[in-house]
Amino acid sequence: MITAALALALASAPPPPAPDSQPDWFATFGVEKPKPDPVTGELPVAPYVQSDSNAGATPFTGDAMARAFGGQAGIRRMTNDFVAISIADPRIKPIFAATDLIRFRRTLYEQFCYLLGAGCHYSGRDMVEAHKQLGIMTREMNALVEDLQRAMRQNHVAFAAQNRFLSKLAPMSKDVIRR
Ligand code: HEM
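Presented here is a report on the structure given in the accompanying data block. Please read all numbers here as calculations on a predicted model, not as lab measurements. (Residues numbered from 1 in each chain as written. Predicted model: local features only at pLDDT ≥ 70, side-chain atom pairs only at ≥ 80, totals over all residues. Heavy atoms only, no water.)

1. What about the site of the ligand?
Surrounding the ligand, one finds 23 residues, the nearest of these being T99, R103, T107, R125 and H131. Measuring from an oxygen atom of the ligand, one finds a side-chain N or O atom of R103 at 2.8 Å. A distance of 2.8 Å separates an oxygen atom of the ligand from a polar atom in the backbone of R125. Cavity membership is defined here by more than half of the atoms lying within 2 Å of grid points; on that basis the ligand lies in the largest pocket. Of all the elements in the fold, those that place two or more residues in the shell around the ligand are α5 (101–115), α6 (127–131) and α7 (138–154). Among the residues forming the shell around the ligand, the class breakdown is 15 nonpolar, five polar and three charged. (Near = heavy atom within 4 Å. Polar contact = N/O pair within 3.5 Å; in protein donor to acceptor, adjacent residues only side chain to side chain. 1 Å grid on protein atoms, 1.4 Å probe; cavity = no way out; pocket = protein on both sides within 12 Å on 5 of 7 lines; lining within 4 Å. Sits in = over half its atoms within 2 Å of the grid points. Helix = DSSP H or I, 4+ residues; strand = E, 2+ residues; numbered from the N terminus. Nonpolar A, V, L, I, M, F, W, Y, C, P; charged D, E, K, R; others polar.)

2. Here's the deal with the layout of surface pockets
There is about 1500 Å³ of room inside the largest pocket. Around the largest pocket, the lining is made up of 48 residues, and of these T99, F104, A130, H131 and L134 lie nearest the centre. Mapped onto the lining of the largest pocket, the elements with two or more residues apiece are α2 (25–29), α5, α6, α7, α8 (159–169) and α9 (173–176). The element best represented in the lining of the largest pocket is α5, accounting for six residues. Class assignment of the residues belonging to the lining of the largest pocket gives a composition of 33 nonpolar, seven polar and eight charged. (Points joined across faces, edges and corners; volume = space filled by probe spheres on them.)

3. Here's the deal with the nonpolar core
F69, F112, L148 and F165 are the most contacted members of the largest nonpolar core, which has 33 residues in total. Per-element accounting of this core gives the leading share, six residues, to α5. The contact partners of F69, leaving out residues within four places of it in the chain, are G74, I75, M78, L116, M152, V157, A161 and F165. (Core = buried A, V, L, I, M, F, W, Y, C linked by side-chain atoms within 4.5 Å. Buried < 20%, exposed > 50% of the residue type's maximum accessible area, 1.4 Å probe, protein only. Contact = heavy atoms within 4.5 Å.)

4. A closer look at the packing of helix α4 (residues 71–88) against α5
Close contact between α4 and α5 brings their axes to 9 Å; oriented N to C, the two are set at 135°. The angle between α4 and α5 falls in the class oblique. Every pair of crossing elements has a handedness; the one defined by α4 and α5 is right-handed. Facing α4, whose interface residues are Q72, I75, R76, M78, T79, N80, F82, V83 and I87, α5 presents L101, F104, R105, L108, Y109, F112 and C113. In terms of residue class, the contact of α4 with α5 is made up of 11 nonpolar, three polar and two charged. (Axes fitted to C-alpha atoms, helices over the stretch in contact; angles between N-to-C directions. Parallel < 35°, antiparallel > 145°, perpendicular 65-115°, else oblique. Left-handed = near helix turned anticlockwise from the far one by under 90°.)

5. Concerning the packing of α7 against α8
Orientation of α7 relative to α8, taken along the N-to-C sense of each, is 150°, at an axis distance of 11 Å. The angle between α7 and α8 places the two elements in the roughly antiparallel class. Here α7 runs over α8; the crossing is right-handed. Contact residues: V145, L148, Q149, M152 and R153 in α7; Q162, F165, L166 and L169 in α8. For the contact of α7 with α8, the residue count by class is six nonpolar, two polar and one charged.

Written as structure tokens, this is what we have:
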């Protein structure tokens, strides 16, 4: 009898959550879940003033760097590879758990394209604002740099151009690293 009742209870119980799944924290805390933009799929962020100066550095002059990265199409491919490598990297993967990857790919592409002098504007937040909640450590910054090097290598960016780009980004570390 008890066995039959147990079997019935188990049969009607909801399936156990997948090992990686999170509870619905919005429901738990009784707050409204942010809605993605119907056109872009991006989630809203707190208001800020858009400006190229948020990109954290001035662009390279001339078109040599843009060409070294394969123009806008090459920069797009390299950026998407960089994001894919970073979010799969066990050293930093958890930092991206709550990231809106649609927005991240777009704003990172804009920043790289702008800095490389490939004819874009940057519409994202400044580096302090974008990273202040993340508690990033130096070793995580180093991991991200290795991932970027891998993405650039994979996309056949010449070594000298890789290093010039890394030198452009390096001073931003002080705005990103918090611990
Ligand atoms: C020079 C180094 C870095 C640059 C140039 C950079 C660039 C950016 C840009 C352009 C954004 C988007 C801003 C926006 O959406 O308004 C962003 C966001 C983000 N970055 Fe970085 N980043 C750097 C270092 C790092 C590091 C070391 C990590 C972690 C290992 C990291 C993790 C993130 C995450 C998780 C977001 C999304 C934040 C959110 O969801 O609100 N970044 N970064």
